[in-house]
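Chain by chain, the residues run as shown.
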Amino acid sequence: MFRESFKYYKSKDPLPTFEDVLNIHKPKLLLNNGIITKLAINKSSPQYGLRSTEDWEVYVINSRNGLIFIKNPFTPHGQRYWITRCLKDYSKKPHKLNIDNTNILKSDENWWEEGRKNKKIIDSLRWSTFGYHHDWDTKIYSEENKCPFPEDIKNMTKYVAEQFGFDDFTAEAAIINYYHLDSTLSGHTDHSEQNLEAPLFSFSFGQSAIFLIGGETIDEKPLAIYIHSGDILIMSKESRLCYHAVPRIIKTNYEVWNDEYQMENSDFKHWEPFNNYLSYSRININVRQVLNKGQLKL
Ligand SMILES: O=C(O)CCC(=O)C(=O)O
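The structure presented is a predicted model; accordingly, all values stated were derived computationally and were not measured.

1. A short note on the overall build of the chain
Helix and strand content of the chain: eight helices and 13 strands. Relative to the compact-globule value of 19 Å for 298 residues, the chain shows a C-alpha radius of gyration of 19 Å, a close match. The C-alpha extent of the chain, read off along each of the three principal axes, is 55 × 45 × 45 Å. Here the chain, with 298 residues, has 54% of them falling under the buried criterion. Look at the contacts in the chain between residues 6 or more apart in sequence, and 76% of them connect residues 24 or more apart. Taking the average place of the 37 positive charges on the side chains of the chain and the average place of its 39 negative ones, the gap between the two points comes to 2 Å.

2. Considering a negative patch on the surface
Among the surface-exposed residues, E216, D219, E220 and E238 lie close enough to one another that they form a single negatively charged patch. Mapped onto the elements, E220 comes out in the loop between β9 (208-213) and β10 (223-227).

3. Topic: the nonpolar core
One finds W111, V160 and F203 to be the most contacted residues of the largest nonpolar core, which totals 51 residues. Examining the composition of this core, we find that five residues originate from one element, helix α6 (residues 151-163), more than from any other. The contact partners of F203, leaving out residues within four places of it in the chain, are F74, M156, T157, V160, D231, I232, I283, N284, I285 and V287. Ranked by size, the runner-up nonpolar core spans 21 residues in total, among them Y59, L200, I213 and I249.

4. Thoughts on the sheet that holds strand β12 (residues 244-250)
A sheet is described by the order of its strands in space; here four strands give the open sequence β7-β12-β9-β10, paired in antiparallel fashion. Each edge of the open sheet carries a strand with a single partner, namely β7 (185-188) and β10. Neighbour-to-neighbour, the strand axes of the sheet open up by a mean angle of 25°, direction not taken into account. Two elements, β7 and β12, share two bridges in a ladder whose sense is antiparallel. Directly across from L185, in β12, lies its bridge partner V246. The strands that helix α1 (residues 2-10) touches are β7, β9, β10 and β12; relative to β12, the one it contacts most, it runs at about 10°.

5. Structural notes on the site of the ligand
Around the ligand lies a shell formed by N177, Y179, L185, H188, D190, F211, H244, V246, R282, N284, N286 and R288. A distance of 2.9 Å separates an oxygen atom of the ligand from a polar side-chain atom of R282. A distance of 3.3 Å is found between an oxygen atom of the ligand and a side-chain nitrogen or oxygen belonging to N284. For the shell around the ligand, the secondary-structure elements that each account for two or more residues are β6 (173-180), β7, β12 and β13 (281-288).

6. A few points about helix α3 (residues 76-89)
With 14 residues, α3 should reach 20 Å at 1.5 Å per residue; the first-to-last C-alpha distance of 19 Å fits that figure. Of all 14 residues in α3, 10 are buried, a share of seventy percent or more. Among all positions of α3, only P76, G78, Q79, R80, W82, I83, T84, C86, L87 and D89 are buried.

Procedures and definitions
Residues numbered from 1 in each chain as written. Predicted model: local features only at pLDDT ≥ 70, side-chain atom pairs only at ≥ 80, totals over all residues. Heavy atoms only, no water. Helix = DSSP H or I, 4+ residues; strand = E, 2+ residues; numbered from the N terminus. Rg over C-alpha atoms; globule rule 2.2 N^0.38 Å. Buried < 20%, exposed > 50% of the residue type's maximum accessible area, 1.4 Å probe, protein only. Contact = heavy atoms within 4.5 Å. Lys, Arg positive; Asp, Glu negative; His and termini not counted. Charge placed at Lys NZ, Arg CZ, Asp CG, Glu CD. Patch = residues over 30% accessible without salt bridge, like charges linked within 9 Å, V, L, I, M, F, W, Y side chains within 5 Å. Areas by Shrake-Rupley, 256 points an atom, 1.4 Å probe, with all protein chains shown as cover. Salt bridge = Lys/Arg side-chain N within 4 Å of Asp/Glu carboxyl O. Core = buried A, V, L, I, M, F, W, Y, C linked by side-chain atoms within 4.5 Å. Pairing = 2+ DSSP bridges. Axes fitted to C-alpha atoms, helices over the stretch in contact; angles between N-to-C directions. Near = heavy atom within 4 Å. Polar contact = N/O pair within 3.5 Å; in protein donor to acceptor, adjacent residues only side chain to side chain. Expected span 1.5 Å × (residues − 1).

This is the structure:
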């Protein structure tokens with residue numbers, strides 16, 4: 001069932017209909033039909049590029065226990081901050097990239113700087129990992145394969161976690177996924193972490209996506225949900241171990257990340273390369289805790 005849905009939403013010919021895709025940015029019908037429920041959270045001041053929590057719109061998806069959707073809680077300036085970090089900084093050494101060990105970059109070259117001059121280079125980056133590096137072959141984390149986790153993203157994720165009572169959450173591994181309009185991410189579960197109770201945090205920026213979330217086996221038919229720029233998904237409880245995938249990237253007609261730019265800046269030059277990249281790309285920051293509470297190493 002999962003594979004069929006993935007193929008359906010991925011297909012270019014015939015094009016799928018999107019009528020069953022949940023659009024939580026238009027929650028009224030979904031609330032009335034009992035598909036989602038609004039969650040109240042305590043008031044807290046704006047931080048890390050996020051708005052004050054009293055302005056957050058948070059929903060739980062009733063058929064997926066533990067799946068929490070926060071409808072873009074970032075300010076436009078906050079989105080630009082995190083987008084800039086993903087493109088300019090999180091894509092650098094000592095982080096691991098899919099293009100390491102290829103001849104795309106020379107050893108002293110940097111993806112963002114070189115990519116700005118060369119389309120082939122810019123489009124070659126698919127992922128970056130830091131903290132405990134995800135090993136795509138063995139799916140095993142190790143003490144020998146890690147680098148420091150940047151403080152800003154660690155603190156922002158902790159802050160979001162605390163709003164939902166996940167007070168012990170520590171960000172220890174991250175994957176930044178860089179998608180273009182024809183990219184997909186096939187169905188998988190995230191079970192390499194020793195701690196399978198700690199939730200997964202997923203932050204998305206740029207173009208929109210269809211996100212599929214199924215059950216613990218591929219036999220269950222997944223739900224399809226639109227993810228737009230700034231949205232946060234938290235996979236906790238049962239949903240933590242559910243199959244998920246991104247079968248399609250969809251070009252948005254509302255580039256929320258450009259809002260208020262002119263108000264803050266007199267020229268567009270600084271932001272232009274980032275905006276050009278985003279005009280056909282989506283960035284997803286996926287943050288996990290690896291160790292159990294009190295565990296110091298693997
Ligand atoms: O891009 C997304 O929304 C999901 C990414 C994901 O599932 C992963 O990195 O494991």
